[in-house]
Amino acid sequence: MTRQISIYNSLTRQKEIFKPLTDGHVGMYVCGPTVYSDVHLGNCRTFVSFDVIYRYLLYIGYQVRYVRNITDVGHLLDDGEDRMLKGAKTNNLEPMEVAQKYTVGFHDMMRIFNTLPPSIEPRATGHIIEQIEMVQVILDNGYAYIKNGSVYFDTLKFAEATGEYGKLSGRIIDDLIAESRDNLKNQDEKNHPSDFAIWMKATEEHIMKWNSPWSVGFPGWHLECSAMSTKYLGKKFDIHGGGNDLKFPHHENEIAQNIGSCGCHPASYWLHTNMLLMNGKKMSKSDGNTISPVELFTGDSTHVTKGYSPMVVRFFMLQSHYRSPNDLTDEALSAAEKGYKRLMEAFKIVKVYPCPVKQKVLWTKKLSIFLMEH
RNA sequence: GGUCGGGUGGCCGAGCGGCUAGGCAGAGGUCUGCAAAACCUCGUACAGCGGUUCGAAUCCGCUCCCGACCUCCA
């Protein structure tokens with residue numbers, strides 16, 4: 001009933017024939033946004049890509065459980081300031097108001113881009129208990145240690161015991177181990193620089209914090225995805241996706257946590273989307289090479305000569321393969337706009353054209369995958 | 001510097017040893033009172049340099065360019 005497809009698996013670095021764990025069913029987890037500011041256009045590209053992957057899996061007959069999380073727990077910035085805290089200060093809001101505001105904004109934008117909502121959209125703050133439990137299991141298995149109320153994942157021990165650390169991102173475990181001697185005098189609490197927090201003790205001014213066996217604190221950044229994917233898709237599931245900038249450390253650490261707690265790799269296939277560029281360069285706020293979704297729609301930016309409708313932008317994004325960089329330029333957008341209009345004309349004709357019903361249904365269904373009428 | 005992707009005509013994108021994929025844009029034309037739509041015609045490109053081969057975009061080597069990651073950005 002389902003068609004055979006091949007997908008590129010980042011874990012094995014090759015295309016593989018897709019075989020779900022359970023015939024006819026697919027469990028797919030995609031790392032969702034951190035809701036402390038407006039959605040980035042690049043973020044939209046990733047979710048538009050996975051929207052099509054989701055739709056395609058449905059189209060070829062799979063029953064898909066698509067889980068995409070909302071990360072609404074604060075995480076530390078480079079300067080040590082918490083994102084939610086920063087957002088709250090900037091806007092004079094409660095942290096959960098910040099999370100709510102940007103979650104709603106994110107949902108609006110996803111609707112504007114005509115993406116189907118995921119089957120389950122769990123929030124990190126709603127799964128603190130699951131995360132605490134996972135920390136405990138990792139501790140019990142000996143892959144984590146406690147320092148001053150914080151709990152750190154012991155990457156070195158994990159690497160030596162399982163040989164699994166670094167597989168996804170291509171980090172060499174020997175280097176990791178060799179590195180350890182030089183860094184014993186590390187300034188912070190970690191035993192090894194590559195260790196990462198799975199539970200952080202909160203400072204006095206930290207607003208989002210919860211009680212735990214180790215301290216009043218908050219879960220580490222990578223933990224929510226491990227905990228929530230396990231909860232809703234099981235210890236093993238089919239597809240794990242996200243932007244390729246998440247490969248390391250986020251996904252690598254996620255794998256470590258999953259193996260460290262349940263002993264198995266979470267996902268069979270890892271899919272990573274490539275980045276959205278603008279005028280051949282990465283988008284960057286500091287050098288002005290950036291545009292927000294709204295600016296793109298309204299044309300209120302020096303980078304475009306006019307506004308482009310969300311569907312044109314979606315069509316443009318889908319013209320390039322999800323594993324290739326997508327270069328946004330005014331010229332490419334206007335070409336996409338004309339192409340999109342033409343395709344829509346053809347779609348209208350097909351819908352009213354007198355032809356056998358079966359054929360018509362088939363065509364309409366096929367076109368819908370890309371044109372997103374549903 | 002290391003790791004991982006990517007580099008095919010203006011923009012996408014198939015092909016993955018031999019038979020100029022295709023689409024979009026653009027140009028010209030047909031039809032239209034005008035315009036739009038539609039239709040017709042037009043593009044020998046594979047980052048570069050070597051090598052293997054009768055033959056390479058496709059295999060091998062070197063180089064160059066773009067991007068990501070290397071402690072928290074999709």
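Whatever comes next refers back to the structure up there.
Computed from a predicted model, the values in this text were never measured in an experiment.

## Observations regarding the packing of helix H4 (residues 128-140) against helix H7 (residues 223-233)
- Look at H4 against H7: their axes get within 9 Å of each other, and the N-to-C directions meet at 100°. Compared by their axis directions, H4 and H7 come out roughly perpendicular. Contacts between H4 and H7 involve Glu 130, Gln 131, Met 134 and Val 135 on the former and, on the latter, Leu 223, Glu 224, Ser 226, Ala 227, Thr 230 and Lys 231.

## Focus on the pattern of salt bridges
- Applying the stated criterion across every chain, the model contains eight salt bridges.
- Among the ionic pairs, Asp 72 bridges to Arg 123, the shortest N-O distance being 2.9 Å. Taken together, the residues Asp 72 in the loop between strand S4 (63-68) and helix H2 (83-91) and Arg 123 in the loop between helix H3 (95-112) and H4 connect sequence positions 51 residues apart.
- Look at Arg 123 and you get partly exposed, because its relative accessible area is 24%.
- Each of Asp 51, Arg 55 and Arg 314 takes part in a single network of salt bridges with overlapping partners.

## Looking at the layout of surface pockets
- Quantified by volume, the second largest pocket comes out at close to 540 Å³.
- Considering the residues around the second largest pocket, the lining is formed by 21 residues, among which Val 52, Ile 53, Tyr 56, His 321 and Tyr 322 are closest to the centre.
- Taken together, the elements giving at least two residues each to the lining of the second largest pocket come down to strand S1 (6-9), helix H1 (41-59), helix H10 (310-319) and helix H12 (357-371).
- Considering every element that reaches the lining of the second largest pocket, the biggest residue donor is H1, with five residues.
- In terms of residue class, the lining of the second largest pocket is built from 15 nonpolar, four polar and two charged.
- Lining the lining of the second largest pocket are residues from two domains, each supplying at least three of them: domain 1 (24-273) and domain 2 (276-371).

## A word on unusual backbone geometry
- Geometrically, the link from Phe 248 to Pro 249 is a cis peptide bond, its omega value of 0° lying close to zero.
- Inspection of the secondary structure assignment puts Pro 249 in helix H8 (residues 247-262).
- Within the chain, Asn 114 stands out as a residue other than glycine whose phi angle is a positive 55°.
- Accessibility expressed as a relative area gives 18% for Asn 114, which makes it buried.
- The backbone of Asn 279 sits at a positive phi, close to 50°, despite the residue not being glycine.

## Describing the packing of H4 against H8
- Their axes nearest at 8 Å, the elements H4 and H8 cross at an angle of 65°. In terms of orientation, H4 and H8 fall into the roughly perpendicular class. As H4 packs across H8, the resulting crossing turns out to be left-handed. The residues of H8 that touch H4, namely those facing Met 134, Val 137 and Ile 138, are Gln 257, Asn 258, Gly 260 and Ser 261.
- Of the residues assigned to the contact of H4 with H8, the class counts are three nonpolar, four polar and no charged.

## So, the pairing of strand S3 (residues 25-30)
- Of all six residues in S3, five are buried; the element is thus mostly enclosed.
- Relative to S4, S3 is paired through six bridges, and the arrangement is parallel. Looking across to S4, one finds that Met 28 is bridged to Tyr 66.
- Assessed by its sense of winding, the connection that carries the chain from S3 through H1 to S4 is right-handed.

What counts, and at which threshold
- Residues numbered from 1 in each chain as written.
- Chains lettered and ligands numbered in written order.
- Predicted model: local features only at pLDDT ≥ 70, side-chain atom pairs only at ≥ 80, totals over all residues.
- Heavy atoms only, no water.
- Axes fitted to C-alpha atoms, helices over the stretch in contact; angles between N-to-C directions.
- Helix = DSSP H or I, 4+ residues; strand = E, 2+ residues; numbered from the N terminus.
- Parallel < 35°, antiparallel > 145°, perpendicular 65-115°, else oblique.
- Contact = heavy atoms within 4.5 Å.
- Salt bridge = Lys/Arg side-chain N within 4 Å of Asp/Glu carboxyl O.
- Buried < 20%, exposed > 50% of the residue type's maximum accessible area, 1.4 Å probe, protein only.
- 1 Å grid on protein atoms, 1.4 Å probe; cavity = no way out; pocket = protein on both sides within 12 Å on 5 of 7 lines; lining within 4 Å.
- Points joined across faces, edges and corners; volume = space filled by probe spheres on them.
- Nonpolar A, V, L, I, M, F, W, Y, C, P; charged D, E, K, R; others polar.
- Domains from an automatic or database assignment.
- Left-handed = near helix turned anticlockwise from the far one by under 90°.
- Pairing = 2+ DSSP bridges.
- Right-handed = clockwise from strand over helix to strand, strands pointing away.

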